[in-house]
Amino acid sequence: MSSSSADVRTRARIAVTLVLIAEVLAMVLPAVDGTFPDLGGETGRGNALRWEREGVVVASSSVLLVVTAATLLPLWLRPRSSSWLFLFVGTHAAVVGLGWAHRLPVLAGVAAVSAVLVTTLHLIAVDRG
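My aim in this report is to walk through the structure given alongside it, one point at a time.

Thresholds applied
Residues numbered from 1 in each chain as written. Predicted model: local features only at pLDDT ≥ 70, side-chain atom pairs only at ≥ 80, totals over all residues. Heavy atoms only, no water. Helix = DSSP H or I, 4+ residues; strand = E, 2+ residues; numbered from the N terminus. Contact = heavy atoms within 4.5 Å. Areas by Shrake-Rupley, 256 points an atom, 1.4 Å probe, with all protein chains shown as cover. Buried < 20%, exposed > 50% of the residue type's maximum accessible area, 1.4 Å probe, protein only. Core = buried A, V, L, I, M, F, W, Y, C linked by side-chain atoms within 4.5 Å. Polar contact = N/O pair within 3.5 Å; in protein donor to acceptor, adjacent residues only side chain to side chain. 1 Å grid on protein atoms, 1.4 Å probe; cavity = no way out; pocket = protein on both sides within 12 Å on 5 of 7 lines; lining within 4 Å. Points joined across faces, edges and corners; volume = space filled by probe spheres on them. Nonpolar A, V, L, I, M, F, W, Y, C, P; charged D, E, K, R; others polar. Expected span 1.5 Å × (residues − 1). Arc of directions from axis to C-beta.

1. A short note on the overall build of the chain
Broken down by element type, the chain carries four helices and zero strands. Helices and strands in the chain line up, N terminus first, as α-α-α-α. Here the analysis covers contacts within the chain between residues at least 6 apart in sequence; of these, 75% occur between residues at least 24 apart. For the chain, the exposed surface amounts to about 7300 Å²; the carbon and sulfur share of it is 69%.

This is how it looks when you write it as structure tokens:
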């Protein structure tokens, strides 16, 4: 193993970690403190729809927080392993579907971008290693 391939893998792991931290900051913290951008200004069915959407945001964000924490362990302890990627992408695909179905474009967008970035960065690191 050359030092350049080890360097690429380390940089990719750091980049994946930063993407995961950014995802938590962009989704989980606003969902917990009630400042999530997709929830403002409901009209129509009123309070029931807002309650439903808040529940989807909080539940999805909680699931993503757990998956993010579970992703960081194998990412750093077993860097050549890719088995965690299936759970990560599957969970993010489910959150994208929930966001789309409940008209929460920020939730769907952040989950989709995170899934694509993490997958790409990890596969680049595995390929170069």
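Don't stop here, the text continues.
2. Some details on the side chain of Thr-17
Mapped onto the elements, Thr-17 comes out in helix H1 (residues 3–33). With sequence-adjacent residues up to four places away left out, Thr-17 is seen in contact with Leu-72, Leu-75 and Trp-76.

3. Topic: the environment of Arg-9
Residue placement: Arg-9 occurs in helix H1. We classify Arg-9 as buried; its relative accessible area is 10%. For Arg-9 and Pro-79, which are 70 residues apart along the polypeptide, the C-alpha to C-alpha distance reads 8.0 Å.

4. Here's the deal with the environment of Gly-99
Residue position: Gly-99 is located in helix H3 (residues 83–101). Filtering out sequence-adjacent residues up to four positions away, Gly-99 remains in contact with Leu-104, Leu-107 and Ala-108.

5. Here's the deal with the nonpolar core
Counting ten residues, the largest nonpolar core consists of Met-27, Ala-31, Phe-36, Val-56, Val-57, Leu-64, Val-95, Leu-104, Leu-107 and Ala-111. Breaking this core down by element, the ones donating at least two residues are H1, helix H2 (47–77) and helix H4 (105–128). With three residues, H2 is the single largest residue contributor to this core. Ignoring sequence-local partners within four residues, the contact set of Val-95 consists of Ser-60, Leu-64, Leu-107 and Ala-111. The next biggest cluster of nonpolar side chains, apart from the first, holds nine residues, and it includes Val-16, Val-19, Leu-85 and Val-118.

6. A word on the side chain of His-92
Structurally, the position occupied by His-92 is in helix H3. Residue class for His-92 comes out buried when judged on its relative accessible area of 0%. Only 2.5 Å separates the side chain of His-92 from the side chain of Glu-23, close enough to count as a polar contact. Not counting residues within four places of it along the chain, the set of residues in contact with His-92 comprises Glu-23, Leu-64, Ala-111, Ser-114 and Ala-115.

7. Section: empty space enclosed by the protein
To find leftover empty space, a probe the size of one water molecule is rolled over the atoms. Tallied over the full model, the rule gives one cavity of 30 Å³ or more. Of the pockets and cavities examined, the largest cavity occupies roughly 30 Å³. Around the largest cavity, the lining residues are Arg-9, Ala-12, Arg-13, Val-16, Leu-75, Pro-79, His-122 and Ala-125. Elements with a contribution of two residues or more to the lining of the largest cavity: H1 and H4. Looking at the lining of the largest cavity, the element that brings in the most residues is H1, giving four residues. For the lining of the largest cavity, the per-class residue count stands at five nonpolar, one polar and two charged.

8. A closer look at H3
The end-to-end C-alpha distance of H3 is 28 Å, a good match for the 27 Å that 19 residues give at a rise of 1.5 Å each. Those residues of H3 that fall on the buried side of the exposure criterion are Trp-84, Leu-85, Phe-88, Thr-91, His-92, Val-95 and Gly-99. Along the axis of H3, the buried residues cluster in a sector spanning 140°; they form a single face. Relative to its buried face, H3 has exposed residues pointing more than 90 degrees away, namely Ser-83, Phe-86, Leu-87, Trp-100 and Ala-101. Looking one or two places after H3, you find Arg-103, whose phi comes out positive at around 55°.

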